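Fold and geometry: a report
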Amino acid sequence: DQQVKQNSPSLSVQEGRISILNCDYTNSMFDYFLWYKKYPAEGPTFLISISSIKDKNEDGRFTVFLNKSAKHLSLHIVPSQPGDSAVYFCAASGNNAGNMLTFGGGTRLMVKP
Amino acid sequence: GAGVSQSPSNKVTEKGKDVELRCDPISGHTALYWYRQRLGQGLEFLIYFQGNSAPDKSGLPSDRFSAERTGESVSTLTIQRTQQEDSAVYLCASSPGLMDEQYFGPGTRLTVT
């Protein structure tokens, strides 16, 4: 059973517009959430994170929102740029000794010029 | 500085053969993680090391999988008697400590024919 789900396998957005990537989780023990960006043939790179004590974290064009009651988080990218085209993975960790990350299946974002 | 490196970048092997995948973490990082990504799926956690110790091996898919780490640096993931379902990209990540951000390597693409 997938504990972290990204229900949209792909998303296409026009340059300059907002990209919204969504993620749902089922494990209430998760207390730290991350977004990773992955280009082909490269490992994932850390983008932004949020602790469960917050509901919003912003870093430049990237904002992550967390709705704990709905067990839902989203990543907003505004304005979107063609270089943002990549696969975005949502990940969660929580109260485990190893800080292992549980990943969603990823959403492929395509930003059209 | 140098990031996480993995070798080989690609490996094609016949079913039933053993393979060894290598990970060189960022110097000084005490925590090291192995994940795999099967085609069309998200990243799946396999095992982590704190120093040279792997406290929890329950994430390994079967007893054909083993991992070791020596000298708080290099780690090897060994798959014995490979099966076609082992085909995946195997990703290694390291972090300064267990609760720090994980930095990923480019992965090893394993294809079992």
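Before reading further, recall that the structure is shown in the block above.
Read on for an overview of the structure.

Focus: the sheet that holds strand β1 (residues 4-5) of chain A
All names here are of chain A. Read across the sheet, 5 strands follow the order β1-β3-β8-β7-β6 without closing on themselves; strand pairing throughout is antiparallel. Here the strands that pair on one side only, and so sit at the sheet edges, are β1 and β6 (56-59). By the bridge criterion, 4 bridges tie β6 to strand β7 (residues 62-67) in an arrangement that is antiparallel. Of the residues in β7, the one forming a bridge with K56 is F65.

Some words on the side chain of A:H76
All names here are of chain A. Along the polypeptide, H76 turns up in strand β8 (residues 72-77). For H76, a relative accessible area of 18% corresponds to the buried category. Polar contacts involving the side chain of H76 include one to the side chain of S74, which spans 3.4 Å. Excluding residues within four positions of it along the chain, H76 makes contact with I18, S19, I20, R61, F62, T63 and F65.

Looking at the pattern of salt bridges
Residues and elements named next belong to chain A. Inspection of every chain in the model, using the stated rule, returns 5 salt bridges over all chains. In this structure, K56 engages E58 in a salt bridge whose closest nitrogen and oxygen atoms are separated by 4.0 Å. With relative accessibility at 43%, the residue K56 sits in the partly exposed group. R61 is paired through a salt bridge with D84; the nearest N and O atoms lie 2.8 Å apart. Of this pair, R61 sits in the loop between β6 and β7 while D84 sits in the loop between β8 and β9 (86-93), placing them 23 residues apart in sequence. Overall, R61 belongs to the partly exposed group, its relative accessible area being 21%. Using a relative accessible area of 2% as the deciding quantity, one classes D84 as buried.

A few points about a nonpolar patch on the surface
Judged by side-chain polarity, A:I18, A:I20 and A:V78 come together as a nonpolar surface patch covering roughly 230 Å² of accessible area. According to the relative accessible area criterion, A:I18 is partly exposed, its value standing at 41%.

So, the state of the cysteines
According to the stated counting rule, one finds 2 disulfides over all chains in the structure shown. Disulfide pairing places A:C23 opposite A:C90 at an S-S distance of 2.0 Å. The disulfide joining A:C23 to A:C90 has a torsion of about -70° about its S-S bond and is therefore left-handed. Pair noted here: A:C23 is in strand β3 (residues 19-25) and A:C90 is in strand β9, with a separation of 67 residues, a long-range link. Looking at A:C23, the relative accessible area reads 0%, which means it is buried. By relative accessible area, A:C90 is classed as buried at 0%. With a sulfur-sulfur separation of 1.8 Å, B:C23 is cross-linked through a disulfide to B:C92. Disulfide B:C23-B:C92: the torsion about the S-S bond is -65°, which places it as left-handed. Within this pair, whereas B:C23 is found in strand β3 (residues 19-24), its partner B:C92 is found in strand β8 (residues 88-95), the two being separated by 69 residues in sequence. A single burial state applies to B:C23 and to B:C92, both of which are buried.

About the cut-offs
- Residues numbered from 1 in each chain as written.
- Chains lettered and ligands numbered in written order.
- Predicted model: local features only at pLDDT ≥ 70, side-chain atom pairs only at ≥ 80, totals over all residues.
- Heavy atoms only, no water.
- Pairing = 2+ DSSP bridges.
- Helix = DSSP H or I, 4+ residues; strand = E, 2+ residues; numbered from the N terminus.
- Buried < 20%, exposed > 50% of the residue type's maximum accessible area, 1.4 Å probe, protein only.
- Polar contact = N/O pair within 3.5 Å; in protein donor to acceptor, adjacent residues only side chain to side chain.
- Contact = heavy atoms within 4.5 Å.
- Salt bridge = Lys/Arg side-chain N within 4 Å of Asp/Glu carboxyl O.
- Patch = residues over 30% accessible without salt bridge, like charges linked within 9 Å, V, L, I, M, F, W, Y side chains within 5 Å.
- Areas by Shrake-Rupley, 256 points an atom, 1.4 Å probe, with all protein chains shown as cover.
- Disulfide = S-S within 2.5 Å.

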